[in-house]
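Fold and contact review
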Amino acid sequence: AGPLVGALGLGCNGMSSVPPRDDAEAVATIHAALDAGVTLLDTADFYGMGHNEAVIGRAIRDRRDTAVLSVKTGALFDAGGRFLGLDGRPASVKAYAAWSLQRLGVDHIDLYHVGRADPAVPYEETIGAIADLIGEGKVRWLGVSEVGADLLRRAHAVHPVAAIEIEYSLACRFIEDEILPAARDIGAAVVAYRVLADGLLSGAITAATPTGHLTPSRAQGDDLAHNLGIVATLTGVAAAKGCTPAQLAVAWLLTRGDDIVPLAGVRNRARLAENLAAFDVTFAADELATLDAAFAPGAIHGERYPAFVLRYAAR
């Protein structure tokens, strides 16, 4: 029931949240993505505190018809990037949408959703605000983000859900139990983010990698040591196939169904090209079986977020 998009989406957060910013390269990367058929541009009003939307608006000024804009809202941060909480109040959702439209320079948002469910606001009220925006022509389709099967169905009862954005990768397969079947039951696509598990699957995380307050337990201590042993299987299969572990991880997601759209979170054209090469990776049945066995649900130890974030995430 949602828009038709390219098989790979572009996650734009890194263009604004990881210093140094290079707006010219970000615009060039978005143009290159659109040229390659990557039509879904994923952003949020809190990515760079509006900066990301402004960059995307600049990039699509003459290319609006080829871009499908996915915008999240509702997460609150201070000027230093400290998380302050969630705001799913209907009036706030409508105000945030108005600001997003202004920054993006468009008259409608294609896919609009709250980044997390606000526990202080009935979810139906938050979803109802987006349904109102759809009725006004300010939004085309309803999306939801980081919710379980119950909230997904509750949202769909208010207004048809076109897509759910949620973490999904070889290293994080918890959605396969209840959330993915629920999405398929109601006809909602899955927009998969953190497809490389924040670098665990690409080889960017090692035992010597410094950790910070946002580092999940799966990337620390004994959990990381265990997980790196599993990732070695991915690295070995990738080497045998002549591709990078990151390309193999994205290619695996592309085998999971046409209703799953992985987000490639990139900042420049070189990284975009690397991700696009995942389309050239094919699998023999035994290779898929090897990966499925090594990365069976639960094989990766540790949580995917630190505790203060996990309380607002789907489980």
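Each remark here, short or long, concerns the structure printed above.
Throughout this document, residue positions are counted from 1 along each chain, in the order its sequence is written. With pLDDT at 70 or above as the cut-off, local features in this predicted model cover only qualifying residues; side-chain atom pairs require 80 or more to be listed or tallied, and sums for whole chains, interfaces and linings still use all residues. No hydrogens and no water enter the side-chain calculation; it runs on all heavy atoms of the structure.

**Description of the overall build of the protein chain**
Where helices and strands are cited, they refer to DSSP runs of H or I of at least four residues and of E of at least two residues respectively, numbered from the N terminus. The secondary structure content of the protein chain amounts to twelve helices and ten strands. To get the radius of gyration, use the C-alpha atoms; to get the globule rule, take the number of residues to the power 0.38 and multiply by 2.2 Å. A compact globule built from 315 residues should have a C-alpha radius of gyration of about 20 Å, and the protein chain, at 19 Å, falls within 12% of that. Here the C-alpha coordinates of the protein chain stretch approximately 55 × 40 × 40 Å along the principal axes. Only protein chains enter the accessibility calculation, which uses a 1.4 Å probe; a residue whose area is less than 20% of its type maximum is buried, one above 50% is exposed, and one in between is partly exposed. Going through the 315 residues of the protein chain one by one, you find that 52% of them count as buried. When checking whether two residues touch, look at their non-hydrogen atoms; a contact exists if any pair is within 4.5 Å. Partitioning the intrachain contacts of the protein chain with sequence separation of at least 6 by distance along the chain shows that 75% fall at a separation of at least 24. In short, Shrake-Rupley with a 1.4 Å probe defines the accessible areas, and a residue's cover is counted only from the protein chains shown. Summed over all atoms, the accessible surface of the protein chain reaches about 13,300 Å², with 54% contributed by carbon and sulfur. Put simply, the protein chain has 27 plus and 37 minus side-chain charges, and the middle of one group is 4 Å from the middle of the other. The sign given to each residue is positive for Lys and Arg and negative for Asp and Glu; His and the chain ends receive no count. By convention, the point assigned to a charge is CZ for Arg, NZ for Lys, CD for Glu and CG for Asp.

**A look at the sheet that holds strand S9 (residues 189-193)**
Through backbone hydrogen bonds, the strands of a sheet pair up, either in parallel or in antiparallel fashion. Taken in spatial order, the eight strands of this closed barrel run S1-S2-S3-S6-S7-S8-S9-S10, and their pairing is parallel. When the angles between neighbouring strand axes are averaged without regard to direction, this sheet yields 30 degrees. Between N-to-C directions, angles cover 0 to 180 degrees, with each direction set by a line fitted to C-alpha atoms, over the stretch in contact for helices. In this fold helix H6 (residues 149-158) packs onto strand S7 (139-145) and strand S8 (161-167), with an angle of close to 160 degrees to the strand it touches most, S8. When DSSP finds two or more bridges between two strands, those strands count as paired.

**Concerning unusual backbone geometry**
Each neighbour pair has its own omega, and for Pro-19 with Pro-20 the value is -5 degrees, a cis peptide bond. Tracing the backbone shows Pro-20 in the loop between helix H1 (14-17) and helix H2 (23-35). Look at Arg-194: it is not a glycine, yet its phi comes out positive at around 55 degrees. Counting through the fold element by element, Arg-194 comes out in the loop between S9 and helix H8 (221-241).

**Here's the deal with the packing of H8 against helix H11 (residues 285-294)**
The geometry of H8 relative to H11 is characterised by a closest axis approach of 9 Å and an angle of 165 degrees between their N-to-C directions. In terms of orientation, H8 and H11 fall into the roughly antiparallel class. Once H8 is placed against H11, the crossing between them reads as left-handed. Here H8 contributes Ile-230, Thr-233, Leu-234, Val-237 and Lys-241 to the contact with H11, which in turn contributes Glu-287, Thr-290, Leu-291 and Ala-294. Per-class residue counts for the contact of H8 with H11 are five nonpolar, two polar and two charged. If an angle is under 35 degrees, it is roughly parallel; if it is over 145, roughly antiparallel; if it lies from 65 to 115, roughly perpendicular; otherwise it is oblique. Definitions for this section: a left-handed crossing has its near helix turned counterclockwise from the far helix by less than a right angle. A right-handed crossing has that turn clockwise. Residue type decides the class: Asp, Glu, Lys and Arg count as charged, Ala, Val, Leu, Ile, Met, Phe, Trp, Tyr, Cys and Pro as nonpolar, and the leftover types, Gly among them, as polar.

**Brief notes about H8**
With 21 residues, H8 extends 30 Å from end C-alpha to end C-alpha; this agrees with the ideal 30 Å at 1.5 Å per step. Here the bend at a residue is taken as the angle between two axes, fitted respectively to the seven residues that end there and the seven that start there. Its maximal kink placed at Ile-230, H8 deviates by approximately 25 degrees. The complete set of buried residues in H8 reads Leu-224, Asn-227, Ile-230, Val-231, Leu-234, Val-237 and Ala-238. Of the surrounding secondary structure, the elements contacted by the buried residues of H8 are helix H9 (245-254) and H11. Just downstream of H8, Gly-242 is the residue with a positive phi angle, here 75 degrees. Expected span, for any helix, means 1.5 Å times one less than how many residues it has.

**What to know about the environment of His-226**
As for its position among the elements, His-226 is in helix H8. Residues His-226 and Thr-39, spaced 187 residues apart in sequence, show a C-alpha to C-alpha distance of 37 Å. His-226 has contacts with Ala-299 and His-301, leaving out every residue within four places of it along the chain. The definition of a polar contact used here is a pair of N or O atoms within 3.5 Å, where within protein one atom must be able to donate a hydrogen and the other to accept one, and adjacent residues in sequence count solely through side-chain atom pairs. Here the side chain of His-226 touches Ala-299 through a polar contact of 2.9 Å, landing on its backbone oxygen.

**A look at the environment of Leu-10**
As for its position among the elements, Leu-10 is in strand S1 (residues 9-11). Discounting chain neighbours no more than four positions away, the residues touching Leu-10 are Met-15, Ile-30, Ala-33, Val-38, Leu-40, Leu-41, Asp-42, Leu-263, Ala-264, Val-266 and Leu-272.

**Thoughts on the pattern of salt bridges**
Just to be clear on terms, a salt bridge is a Lys or Arg side-chain nitrogen sitting within 4 Å of an Asp or Glu carboxyl oxygen. Scanning the model with the defined rule gives 24 salt bridges in all. Glu-124 serves as the salt-bridge partner of Arg-154, at 2.7 Å between the closest nitrogen and oxygen. Linking Arg-154 in helix H6 with Glu-124 in helix H5 (residues 123-135), this pair joins segments that are 30 residues apart in sequence. With its nearest N and O atoms 3.0 Å apart, the salt bridge here joins Lys-241 to Glu-287. Here the residue Lys-241 occupies a position in helix H8, and Glu-287 occupies one in helix H11, the gap between them amounting to 46 residues. On the accessibility criterion, Lys-241 (28% relative accessible area) is partly exposed. Taken together, the shared-partner salt bridges connect Glu-146, Glu-167, Arg-194, Asp-198, Arg-218 and Arg-304 into one network.

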